[in-house]
Amino acid sequence: MSETEDYDVVLLVEQALSAADAAQVHSLHEGLDEPVTYHVLIPMEDAAARIESSMGSLSAGEVLASPTMAMNDVDLEAVRKDCQERSDADLCSTLEALEASGATALGTVVAIPPIDALAAKVKEVDAREAIILTRPHVVSEFFHLDWTSKARRKIGVPVLHLLEHENFDEQAGGGEGVSGL
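**Remarks on the pairing of strand E2 (residues 36–43)**
Summarising burial for E2: 8 of the 8 residues are buried, a large majority. Side-chain alternation along E2 places Val-36, Tyr-38, Val-40 and Ile-42 on one buried face and Thr-37, His-39, Leu-41 and Pro-43 on a second face that is also buried. Sheet topology places strand E1 (residues 7–13) next to E2; 6 bridges connect them, and they run parallel. Note on E2: the bridge partner recorded for Asp-8 is Thr-37.

Now the structure itself:
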């Protein structure tokens, strides 16, 4: 491997990274001889799922007491646009946080299933590793349906799972944060 070849890391995140999260990710690769490039993937929130979720959060009493809302009254295109704008803003914020920590970062918002996007990006850039940063998902992780479990089955590079807003010590203490291949 030549001295100038990048050490590519694909980073799949659910939401914008905080400055502390970005610094923590960048600290994982300090001291490498090769320049590190982070390829950030942020899944676009699904507009239809967002509407369904918000409707599902209404209690039965509210649904029965209020007039029926037809789905065609919902401007799905406006919700999709809002989802795209939120995802774009999260990506921009994440790239800024990584760059402020001294990292080199590129990124994209993805509309395909997150693990498919991760696998494709790992292959495209010949990544050396993947990092998945999520909020804790107790139910998903219990049933091994989380992104990390799916990624381990699908891609051929080490996968590191970190929990947002927790430092390494906090994650190591609870047993649910950092997990290796």
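**Things to note about unusual backbone geometry**
Residues other than glycine seldom take positive phi values, yet Asp-126 does so here, at roughly 50°. With respect to the helices and strands, Asp-126 occurs in the loop between helix H5 (114–125) and strand E4 (129–134).

**Some remarks on the nonpolar core**
With 22 residues, the main nonpolar core has Leu-11, Tyr-38, Val-40, Leu-98 and Ile-131 as its most contacted residues. Elements that contribute at least two residues to this core include exactly E1, helix H1 (19–27), E2, helix H4 (76–100), strand E3 (104–110), E4 and strand E5 (159–163). Apart from the residues lying within four places of it in its own chain, the contact partners of Val-40 are Leu-11, Val-13, Leu-91, Thr-94, Leu-95, Leu-98, Leu-106, Gly-107 and Thr-108.

**Quick look at the confidence of the model for the protein**
Predicted confidence across the protein gives a mean pLDDT of 76, with 64% of residues reaching 70 or more. Within the model, pLDDT remains below 50 along residues 175–181, and this stretch shows 22 contacts once partners closer than five positions in the same chain are excluded.

**So, the environment of Thr-148**
Along the chain, Thr-148 falls in helix H7 (residues 147–154). According to the relative accessible area criterion, Thr-148 is buried, its value standing at 2%. Separated by 14 residues in the primary sequence, Thr-148 and Leu-162 place their C-alpha atoms 9.6 Å from one another.

**Let's talk about the pairing of E1**
Where burial is concerned, most of E1 is hidden: 7 out of the 7 residues are buried. What you see with E1 is no split at all: Tyr-7, Val-9, Leu-11 and Val-13 on one side and Asp-8, Val-10 and Leu-12 on the other are buried throughout. The handedness of the E1 to E2 crossover, carried by H1, is right-handed. The pairing of E1 with E4 spans 5 bridges and is classified as parallel. What sits directly across from Leu-11, in E4, is Ile-131.

Rules used in this analysis
Residues numbered from 1 in each chain as written. Predicted model: local features only at pLDDT ≥ 70, side-chain atom pairs only at ≥ 80, totals over all residues. Heavy atoms only, no water. Buried < 20%, exposed > 50% of the residue type's maximum accessible area, 1.4 Å probe, protein only. Helix = DSSP H or I, 4+ residues; strand = E, 2+ residues; numbered from the N terminus. Pairing = 2+ DSSP bridges. Core = buried A, V, L, I, M, F, W, Y, C linked by side-chain atoms within 4.5 Å. Contact = heavy atoms within 4.5 Å. pLDDT = per-residue confidence, 0-100. Right-handed = clockwise from strand over helix to strand, strands pointing away.

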